[in-house]
Amino acid sequence: MAARLADAGSVDNFISEQENKATSQKTERDVKLLHLFLQTKNEERKMENIPTAELNEYVSEFIISVRTKDGKEYEPSSLRSLLASFEQHLKKKNYPASIINDLAFEKTRKSLQSKQKELKKQGKGNKPNASVPLTSSELNTLYAKNLFGMRNPESLLNTLWLNNTMHFGLRGCKEHRDMCWGDVKLK
């Protein structure tokens, strides 16, 4: 029976090894940024050791005042991302409250919403979602320059990609790669 079960070791170590490294690094950077802010407030405790009511006040003020390295305002989605990093860090440290869900951090969430609203009024975060379609003259130019068509393998692949994008709504490379025989049926 013992041969069928491998030694799992520490479950916590296993879980931490499977975490996305980039996410972990971002969380560390964001927490470090908050600690720098706390130091400006003469607060030496780590965020996980600060009582909920005090941390709510600190994080609310942080969201309103934080800037990028070059002194510019963050994008609205980046501010939300900072809170997500704090949430993840506090969850790892078994903090008794959730910044994202608990009523104790209502002021923090309202500060975030207000700041995001202000930034959007300034034009930040207003990225267009719709792509600009190719005109028929632009398509004709691409075919004329042999970037599309059946002249060579590369132009054939480009044409296939364009048609899948335009007619099947495939967007990313992964969607194109994952497409299998039988996904499209002629009716």
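Just so it is clear, the structure is predicted and the values come from calculations on it, not from any experiment. (Residues numbered from 1 in each chain as written. Predicted model: local features only at pLDDT ≥ 70, side-chain atom pairs only at ≥ 80, totals over all residues. Heavy atoms only, no water.)

## With respect to the overall build of the protein chain
Per the secondary structure count, the protein chain includes eight helices and zero strands. Relative to the compact-globule value of 16 Å for 187 residues, the protein chain shows a C-alpha radius of gyration of 25 Å, a clear excess of over 25%. When the backbone C-alpha atoms are referred to their principal axes, the protein chain occupies close to 70 × 65 × 35 Å. Counting all 187 residues of the protein chain, 28% fall into the buried class. Accessible surface, the protein chain as shown: approximately 14,000 Å² in total, 55% of it carbon and sulfur. Across the protein chain, the mean location of the 31 positive side-chain charges is 6 Å away from that of the 24 negative side-chain charges. (Helix = DSSP H or I, 4+ residues; strand = E, 2+ residues; numbered from the N terminus. Rg over C-alpha atoms; globule rule 2.2 N^0.38 Å. Buried < 20%, exposed > 50% of the residue type's maximum accessible area, 1.4 Å probe, protein only. Areas by Shrake-Rupley, 256 points an atom, 1.4 Å probe, with all protein chains shown as cover. Lys, Arg positive; Asp, Glu negative; His and termini not counted. Charge placed at Lys NZ, Arg CZ, Asp CG, Glu CD.)

## Some points on the nonpolar core
Ranked by size, the top nonpolar core spans 24 residues in total, and within it L34, L55, F62 and F86 carry the most contacts. For this core, the secondary structure elements donating two or more residues are α2 (21-40), α3 (52-65), α4 (76-92) and α5 (106-121). (Core = buried A, V, L, I, M, F, W, Y, C linked by side-chain atoms within 4.5 Å.)

## Side note on the packing of α2 against α4
Remark: α2 packs on α4, axes separated minimally by 9 Å, with the N-to-C direction vectors making an angle of 100 degrees. Relative to α4, the element α2 lies roughly perpendicular. Residues T23, K26, T27, D30, V31, L33 and L34 of α2 form the contact with α4, whose own contacting residues are S81, L82, S85, F86, Q88 and H89. Taken together, the residues of the contact of α2 with α4 sort by class into five nonpolar, six polar and two charged. (Axes fitted to C-alpha atoms, helices over the stretch in contact; angles between N-to-C directions. Parallel < 35°, antiparallel > 145°, perpendicular 65-115°, else oblique. Contact = heavy atoms within 4.5 Å. Nonpolar A, V, L, I, M, F, W, Y, C, P; charged D, E, K, R; others polar.)

## Considerations on the packing of α3 against α5
Running from N to C, α3 and α5 point in directions that differ by 5 degrees, and their axes come no closer than 8 Å. With respect to α5, the axis of α3 lies roughly parallel. Of α5, the residues touching α3 (which contributes N56, E57, V59, S60, I63 and I64) are E106, K107, T108, S111, L112 and K115. The residue inventory of the contact of α3 with α5, partitioned by class, reads four nonpolar, four polar and four charged.

## A look at the domain arrangement of the protein chain
Segmentation of the protein chain into domains returns domain 1 (20-122) and domain 2 (136-178). Computed from C-alpha coordinates alone, the two centres of domain 1 and domain 2 are separated by 44 Å. (Domains from an automatic or database assignment.)

## Description of the pattern of salt bridges
Going through the model one piece at a time under the given rule, you end up with eleven salt bridges. Across the salt bridge formed by E73 and K115, the nearest N and O atoms sit 3.1 Å from each other. A residue pair is termed long-range when its members are at least 10 positions apart, and E73 in the loop between α3 and α4 and K115 in helix α5 qualify at 42 residues. A relative accessible area of 3% places K115 in the buried class. Its salt-bridge partner being K174, residue D178 comes within 2.7 Å of it at the nearest N-O pair. Of this pair, D178 and K174 both sit in helix α8 (residues 173-178), separated by four residues, roughly a single helical turn. The exposure class of D178 is partly exposed, given its relative accessible area of 43%. Salt bridges here are not isolated pairs; linked through shared partners, they connect R67, E73, K115 and E118. (Salt bridge = Lys/Arg side-chain N within 4 Å of Asp/Glu carboxyl O.)

## Things to note about the UniProt feature "domain: QRICH1-like" (unreviewed entry) in the protein chain
Following the UniProt record, one finds the feature "domain: QRICH1-like" (unreviewed entry) at residues 24-114. Between the end C-alpha atoms of residues 24-114 the distance is 28 Å, and the span holds 63% helix and 0% strand. (UniProt positions renumbered as here; feature names shortened; annotations may be inferred.)

## Regarding the packing of aromatic side chains
The geometry of two aromatic rings is summed up by the distance between their centres and the angle between their planes. Taken as a whole, this structure holds three aromatic pairs when the rule is applied. An aromatic cluster of three or more residues is present, and its members are F37, F62 and F86. (Phe/Tyr/Trp six-rings, centres within 6.5 Å; stacked < 30°, edge-to-face > 60°.)

## Describing α4
Between the first and last C-alpha of α4 there are 25 Å, a value that for 17 residues agrees with the 24 Å anticipated at 1.5 Å per step. Residues P76, L79, L82, L83, S85, F86, E87, H89 and L90 constitute the buried set of α4. Where α4 is buried, its residues meet α2, α3 and α5. At the C-terminal side of α4, N94 shows a positive phi close to 60 degrees. (Expected span 1.5 Å × (residues − 1).)

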